[in-house]
Amino acid sequence: MNKVSILGAGSWGTALAILLANNGHEVTLWSILEAEVEMLNTHREQIDKLPGVKLPANITITTDLEVSCKDKDLIVFAVASPYVRSTAKLAVPFIKENQIVVNVAKGIEDSTLDTLSDILNEELNNADVAVLSGPSHAEEVSHGIPTTVVVGAQSKATAYFIQDIFMSEKFRVYTSPDIIGIELGGSIKNVIALAAGIADGLGFGDNTKAALMTRGIAEISRLGIAMGGKIETFAGLSGVGDLIVTCTSKHSRNRTAGYLIGKGYTMNEAMDEVKQIVEGVYSAKAAYALAKKHDIPMPIVEQINLVLFENKPAKEAVDDLLTRDKRREYSDLKWNK
Ligand SMILES: NC(=O)c1ccc[n+]([C@@H]2O[C@H](COP(=O)([O-])OP(=O)(O)OC[C@H]3O[C@@H](n4cnc5c(N)ncnc54)[C@H](O)[C@@H]3O)[C@@H](O)[C@H]2O)c1
């Protein structure tokens, strides 16, 4: 049994709290939002986001960050990505040196182009920062639906420690040393999910979505490899695995926002309708800036930026993608003749 704290009590933080409590750990679930903590304590249920799933008794729910961060074996960052830095700044006085921390949020800070592990490394004194990602909708994990994820850490010992804490018969955890590859796959797939949703909203078919997903992972891999990620990671759970689930699922808020944009909503109207943070919008800007910085062609990310931020009609963006110059599928593959 370990003492685990989860910062962020939205869908994912709560689903992981339930998983870890069922694994026998002593779990503290923190939120900055008093109304959220009150609702969770009153109903022992995330009634808005995970209706019908009760929280086990061995979860303490609090707004007290000191209680949440002191003397923990593991701290899980599960706030939405725009709040990772501010939460780390609030938590740092209570976090010990070499604290093992695992980030489960997905995003890139658009103002700095930092990944979320970069942020935690900057803000937390000498913490041992890991990431956990993969095709894992909170709604399904909270119902014990079989799920697989990957943990990326700097050392094998930390990766194995986190693997042991999360692993259950229904939640299978793999390990990897490729933190940057895991993070880039997990965040930029949200941009491709916006594109997949737009294609659905425009009334296109499965062929179009498969094309966006396949060419999407190709451009994520190009950028990721230029930034130090490994090709295998982009073919793995946090790469193509998460891309598939996000582009096809009814649970994906990024795909839903894209769908509404395809139906003619503006970006802001779509975000209002979805009512939760659409992280792909932030990651789109960051991914495009990273593509320019590393001189990597990312045509889908580029077109999504034009649609989101320059009011380019979605149909025109699709036409422009299809009428680009002729290309080889993979320029590294050589002809025999
Ligand atoms: N929902 C999923 O299925 C899922 C699965 C894997 C990863 N993730 C990732 O986990 C992260 C959280 O997702 P979610 O679905 O739980 O989001 P959510 O919108 O349900 O919850 C976000 C939570 O962030 C916290 N928060 C809100 N404002 C805050 C602030 N100003 N400062 C600090 N904390 C604040 C609150 O506890 C809120 O409930 C995201 O990065 C998401 O991509 C989500």
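Rules and cut-offs
- Residues numbered from 1 in each chain as written.
- Predicted model: local features only at pLDDT ≥ 70, side-chain atom pairs only at ≥ 80, totals over all residues.
- Heavy atoms only, no water.
- Core = buried A, V, L, I, M, F, W, Y, C linked by side-chain atoms within 4.5 Å.
- Buried < 20%, exposed > 50% of the residue type's maximum accessible area, 1.4 Å probe, protein only.
- Helix = DSSP H or I, 4+ residues; strand = E, 2+ residues; numbered from the N terminus.
- Contact = heavy atoms within 4.5 Å.
- Pairing = 2+ DSSP bridges.
- Right-handed = clockwise from strand over helix to strand, strands pointing away.
- Salt bridge = Lys/Arg side-chain N within 4 Å of Asp/Glu carboxyl O.
- Near = heavy atom within 4 Å.
- Polar contact = N/O pair within 3.5 Å; in protein donor to acceptor, adjacent residues only side chain to side chain.
- Areas by Shrake-Rupley, 256 points an atom, 1.4 Å probe, with all protein chains shown as cover.
- Nonpolar A, V, L, I, M, F, W, Y, C, P; charged D, E, K, R; others polar.
- Domains from an automatic or database assignment.
- Axes fitted to C-alpha atoms, helices over the stretch in contact; angles between N-to-C directions.
- Left-handed = near helix turned anticlockwise from the far one by under 90°.
- Phe/Tyr/Trp six-rings, centres within 6.5 Å; stacked < 30°, edge-to-face > 60°.
- Lys NZ or Arg CZ within 6 Å of the ring centre and 35° of its normal.
- UniProt positions renumbered as here; feature names shortened; annotations may be inferred.
- Buried area = accessible area lost by both parts, 1.4 Å probe.

Caption draft 1: Expanded view of the nonpolar core. The biggest cluster of nonpolar side chains holds 42 residues, and the ones touching the most others in it are Ile-188, Ile-304 and Leu-308. For this core, the secondary-structure elements that each account for two or more residues are α8 (179–201), α9 (206–226), α11 (237–248), α12 (253–262), α13 (267–274), α14 (279–293), α15 (299–310) and α16 (314–322). The dominant element in this core, judged by the number of residues it contributes, is α8, at 10 residues. Those residues within four positions of Leu-308 in sequence are excluded, and the remaining contacts are Leu-194, Ile-261, Met-267, Val-281 and Ala-284. Formed by 40 residues, the second largest nonpolar core is a distinct cluster that contains Trp-12, Leu-16, Val-151 and Phe-171.

Caption draft 2: Up close: the pairing of strand β7 (residues 147–152). Within β7, 5 of the 6 residues are buried, leaving the element largely enclosed by the surrounding structure. Two strands pair when backbone bridges link them, and strand β6 (residues 128–133) and β7 are joined in this way by 3 bridges, in the antiparallel orientation. By the bridge assignment for β7, Leu-132 is matched with Val-151. Since β7 and strand β8 (residues 171–176) lie parallel, the crossover through helix α7 (residues 156–166) that links them has a hand, and here it is right-handed.

Caption draft 3: Seen up close, the pattern of salt bridges. By the definition in use, this model includes 14 salt bridges. Linking Glu-109 and Arg-85 is a salt bridge whose minimum nitrogen-to-oxygen distance equals 2.7 Å. Linking Glu-109 in the loop between β5 (100–103) and α5 (116–123) with Arg-85 in helix α4 (residues 84–91), this pair joins segments that are 24 residues apart in sequence. For the pair shown, Glu-109 and Arg-85 are each scored as buried. For Asp-200, the salt bridge is made with Lys-209, and the minimal N-O distance between the two is 2.9 Å. With a relative accessible area of 18%, Asp-200 lands in the buried category. Put simply, Arg-85, Lys-89, Glu-109, Asp-114, Glu-122 and Glu-123 are held in one network by salt bridges that share partners.

Caption draft 4: Highlighting the site of the ligand. The ligand sits among 25 residues. The nearest are Trp-12, Glu-36, Ala-138, Arg-253 and Glu-279. A distance of 2.8 Å separates an oxygen atom of the ligand from a polar backbone atom of Trp-12. Within the side chain of Glu-36, an N or O atom sits 2.5 Å from an oxygen atom of the ligand. Protein contact buries 88% of the 820 Å² of open area that the ligand shows by itself. Of the residues assigned to the shell around the ligand, the class counts are 11 nonpolar, 9 polar and 5 charged. Two domains each donate at least three residues to the shell around the ligand, and these are domain 1 (3–177) and domain 2 (180–322).

Caption draft 5: Broad picture of the packing of α9 against α11. Running from amino to carboxyl end, α9 crosses α11 at an angle of 145°, the nearest separation of the two axes being 10 Å. By crossing handedness, the relation of α9 to α11 is classed as right-handed. Listed contacts from α11 to Lys-209, Met-213, Ile-217 and Ile-220 of α9 are Gly-239, Val-240, Leu-243, Ile-244, Cys-247 and Thr-248.

Caption draft 6: Molecular detail of the packing of aromatic side chains. Across all of its chains, the model carries 1 aromatic pair by this definition. On the numbers, 6.4 Å between centres and 35° between planes, the contact of Phe-166 with Phe-171 is tilted. Taking the relative accessible area as the measure of exposure, Phe-171 reaches 1% and is therefore buried. Over the ring of Tyr-330 we find Arg-215; its NZ or CZ atom is 5.9 Å from the centre of that ring.

Caption draft 7: Examining the UniProt feature "domain: Glycerol-3-phosphate dehydrogenase NAD-dependent C-terminal" (unreviewed entry) in the protein more closely. Using the residue numbers shown here, the UniProt feature "domain: Glycerol-3-phosphate dehydrogenase NAD-dependent C-terminal" (unreviewed entry) corresponds to residues 178–318. Between the end C-alpha atoms of residues 178–318 there is a gap of 33 Å, over a span that is 78% helix and 0% strand.

Caption draft 8: Local environment of the UniProt feature "active site" (unreviewed entry) in the protein. In this structure's numbering, the residues bearing the UniProt feature "active site" (unreviewed entry) are Lys-189. Within the element layout of this structure, Lys-189 appears in helix α8. A relative accessible area of 5% places Lys-189 in the buried class. What Lys-189 contacts, discounting residues up to four positions off in sequence, is Lys-106, Leu-184, Ile-220, Asp-242, Leu-243 and Thr-246.

Caption draft 9: Region of interest: unusual backbone geometry. Backbone geometry at Arg-44 places phi at a positive 50°, although glycine is not the residue there. Following the sequence through the fold, Arg-44 ends up in the loop between α2 (34–43) and β3 (59–62). The phi dihedral of Asn-311 falls on the positive side, at around 55°, and the residue is not glycine. Turning to its location among the elements, Asn-311 is positioned in the loop between α15 and α16. With a relative accessible area of 66%, Asn-311 lands in the exposed category.

Caption draft 10: Geometry of the domain arrangement of the protein. Taken as a whole, the protein is organised into domain 1 (3–177) and domain 2 (180–322). Using C-alpha coordinates to define each centre, domain 1 is positioned 25 Å away from domain 2. Contacts between domain 1 and domain 2 engage 28 residues on the former and 28 residues on the latter. Carbon and sulfur atoms make up 67% of the area that domain 1 and domain 2 hide from each other, which totals about 2,200 Å². Broken down residue by residue, the surface that domain 1 buries against domain 2 is led by Ile-108, Leu-113 and His-137, which jointly contribute 28%. At the junction of domain 1 and domain 2, the tally comes to 1 salt bridge. Of the charged contacts, one joins Lys-106 and Asp-242 as a salt bridge, the two residues approaching to 2.8 Å between their closest N and O atoms.

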